[in-house]
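Topology and contacts: notes
One-letter residues, chain by chain:
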Amino acid sequence: KAGVTQTPRYLIKTRGQQVTLSCSPISGHRSVSWYQQTPGQGLQFLFEYFSETQRNKGNFPGRFSGRQFSNSRSEMNVSTLELGDSALYLCASSLVGPGTADEQYFGPGTRLTVT
Amino acid sequence: GDSVTQMEGPVTLSEEAFLTINCTYTATGYPSLFWYVQYPGEGLQLLLKATKADDKGSNKGFEATYRKETTSFHLEKGSVQVSDSAVYFCALGGDSGYSTLTFGKGTMLLVSP
């Protein structure tokens, strides 16, 4: 069974631009979560989608948004990029959701650098 | 809100040494507890989990016991290998389908031959 895939793996953008990251979950998984990982803040939860609905959102500004498609693939978008958005963005999928002791399967991440 | 506190790293050990990485948590309800591991350049992998008090999770020689009385979930391994070098994250999950994972800041483990 193929794992969680994220595209692109690396991205360099300029301040003020916007970016879209993509995540394809494991086949059959309906929950997709996104996390931002930085050396200073560690892993921070962005949002979680289940069956195309956002069920939970972390404490991030409105510049961060996401969506999930009917095939469970998910995208996240960051508009008006700031230097502080440079991070590794991780996607995780699971059958039911992160709150049920359901194992989260993580992708390799997208490394975003904002210059 | 929920929070997880891990010991700061890096933890440096020689091969075959005993490993302990401390993790304590604050949560309401009855959370599940997890240890994830991240190898360089990769995403996180679930190492072990425990879903209720006194449960012991174990995998690949690693163990952790869910201690509700001390709100702890310390990771242990009797004999580490160079291949165990990675960053280890303690996490807790809420007790409903709408809750999320809360991670500790991670502890880097470096094992030398």
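The structure contained in this document is the topic of the report that follows. Everything quoted here is computed from the prediction, not taken from an experiment.

Now for the nonpolar core. Counting residues in hydrophobic clusters, the biggest one holds 25 residues, and the most contacted among them are B:Leu19, B:Trp35, B:Leu48, B:Phe73, B:Leu75 and B:Tyr88. Looking at this core, the elements that each hand over two or more residues are strand 2 (11–14), strand 3 (19–21), strand 4 (23–26), strand 5 (32–38), strand 6 (44–50), strand 8 (62–65), strand 10 (86–93) and strand 12 (107–112) of chain B. Broken down by element, this core gets its largest block of residues, four residues, from strand 10 of chain B. The residues touching B:Phe73, leaving out its near neighbours within four places in the chain, are B:Cys23, B:Leu33, B:Phe34, B:Trp35, B:Leu48, B:Lys49, B:Ala50, B:Ala64, B:Thr65, B:Tyr66 and B:Cys90. Formed by 21 residues, the second largest nonpolar core is a distinct cluster that contains A:Cys23, A:Val32, A:Leu81 and A:Leu112.

Before going further, it helps to spend a moment on the side chain of B:Gln6. Residue and element names in this part refer to chain B. Take Gln 6: it is sitting in strand 1 (residues 3–6). Relative accessible area serves as the criterion here: at 10%, Gln 6 is assigned to the buried category. At 2.8 Å, the side chain of Gln 6 and the backbone oxygen of Tyr 88 are in polar contact. Dropping the residues within four chain positions of it, Gln 6 is found in contact with Ile 21, Asn 22, Trp 35, Tyr 88, Phe 89, Cys 90, Gly 104, Lys 105, Gly 106 and Thr 107.

Moving on to the environment of A:Met76. All names here are of chain A. Mapping Met 76 onto the fold places it in strand 8 (residues 74–78). Judged by relative accessible area, Met 76 falls into the buried class, the value being 1%. For Met 76 and Cys 91, which are 15 residues apart along the polypeptide, the C-alpha to C-alpha distance reads 9.7 Å. The contacts of Met 76, once residues within four sequence positions are left out, are Val 19, Thr 20, Leu 21, Trp 34, Leu 46, Phe 47, Phe 64, Ser 65, Gly 66 and Tyr 89.

Conventions adopted
Starting from 1, residues in each chain are numbered consecutively following that chain's sequence as written. Labels are handed out in written order, letters beginning with A for the chains and numbers beginning with 1 for the ligands. Two thresholds apply to this predicted model, a pLDDT of at least 70 for residue-level local features and 80 or more for giving and counting side-chain atom pairs, whereas whole-chain, interface and lining totals are computed over all residues. Side-chain measures here rest on the full set of heavy atoms in the structure, leaving out hydrogens and waters. To define a nonpolar core, start from buried Ala, Val, Leu, Ile, Met, Phe, Trp, Tyr and Cys residues and group those joined through side-chain atoms within 4.5 Å. Buried means the residue's accessible area, taken with a 1.4 Å probe over protein chains only, is under 20% of the maximum for its type, while exposed means over 50%, and partly exposed covers the values in between. The secondary structure listing takes helices from DSSP runs of H or I that are at least 4 residues long and strands from runs of E that are at least 2 residues long, numbered from the N terminus. Every residue pair with non-hydrogen atoms within 4.5 Å of one another is taken to be in contact. Two N or O atoms form a polar contact when they lie within 3.5 Å of each other; inside protein one atom must be a possible hydrogen donor and the other a possible acceptor, and for residues adjacent in sequence the pair counts only when both atoms belong to side chains.

Interpretation note: all reported values are geometric properties and have no functional meaning in isolation.
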